[in-house]
Amino acid sequence: MSTGESAPVRVVHLRDGDRRVLASDAERAEGLLAKVRGLMFRRSLPAGYGLVFPFEDAKTRNIHMLFVAIPLDVLWLVEDEVTRVERLRPWLGFGHSIADTVVELPAGAAEGVEAGDTVQILE
């Protein structure tokens, strides 16, 4: 795709043998433009949507909410393990943590997800 986003994937939360789909229709922000744009300028997100930012290696990843008009739940992952979960406010939110993958979800979608949990991105 020219936007740098790929075919939909699922974001799945695993804990104590339970499995819950956090996003059934997530996109990967693969290209530089898709990663820079993220969810900026969107007024709403459909149910089951998420945006996954894959990176080559684990290091500090910053997420800002400038030009993002809706609250988001953000997950920072290292090898499928959640290192941080934070709800970011529209326009003013900012968060950072170490990650090789960052997942942005509509606010409330990551309810119950905690650091140390497993979240997988499935084709």
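Shown above is the structure to which this text applies.
Please read these numbers as outputs of a predicted model, since none were measured by experiment.

### Overview of the packing of aromatic side chains
Link 1 in the chain: All told, the structure shown has two aromatic pairs when counted by the stated rule.
Link 2 in the chain: Aromatic rings pair up to connect F41, F67 and W91 into one cluster.
Link 3 in the chain: The ring of F55 has R61 lying over it, and the distance from NZ or CZ to the ring centre is 3.9 Å.
Link 4 in the chain: The ring of W76 carries R84 above its face, with NZ or CZ at 5.8 Å from the centroid.

### With respect to the pattern of salt bridges
Link 1 in the chain: Counting across every chain of the model gives six salt bridges.
Link 2 in the chain: E123 is the salt-bridge partner of R28, the closest N and O atoms lying 2.6 Å from each other. With R28 in strand β2 (residues 18–28) and E123 in the segment after β7 (118–122), this pair connects stretches of sequence that are 95 residues apart.
Link 3 in the chain: With a relative accessible area of 15%, R28 lands in the buried category.
Link 4 in the chain: One salt bridge in this structure joins R61 and D57, with 3.3 Å as the shortest N-O distance.
Link 5 in the chain: Since its relative accessible area comes to 42%, D57 is described here as partly exposed.

Conventions and cut-offs
Residues numbered from 1 in each chain as written. Predicted model: local features only at pLDDT ≥ 70, side-chain atom pairs only at ≥ 80, totals over all residues. Heavy atoms only, no water. Phe/Tyr/Trp six-rings, centres within 6.5 Å; stacked < 30°, edge-to-face > 60°. Lys NZ or Arg CZ within 6 Å of the ring centre and 35° of its normal. Salt bridge = Lys/Arg side-chain N within 4 Å of Asp/Glu carboxyl O. Helix = DSSP H or I, 4+ residues; strand = E, 2+ residues; numbered from the N terminus. Buried < 20%, exposed > 50% of the residue type's maximum accessible area, 1.4 Å probe, protein only.

The analysis is restricted to geometry; functional conclusions fall outside its scope.
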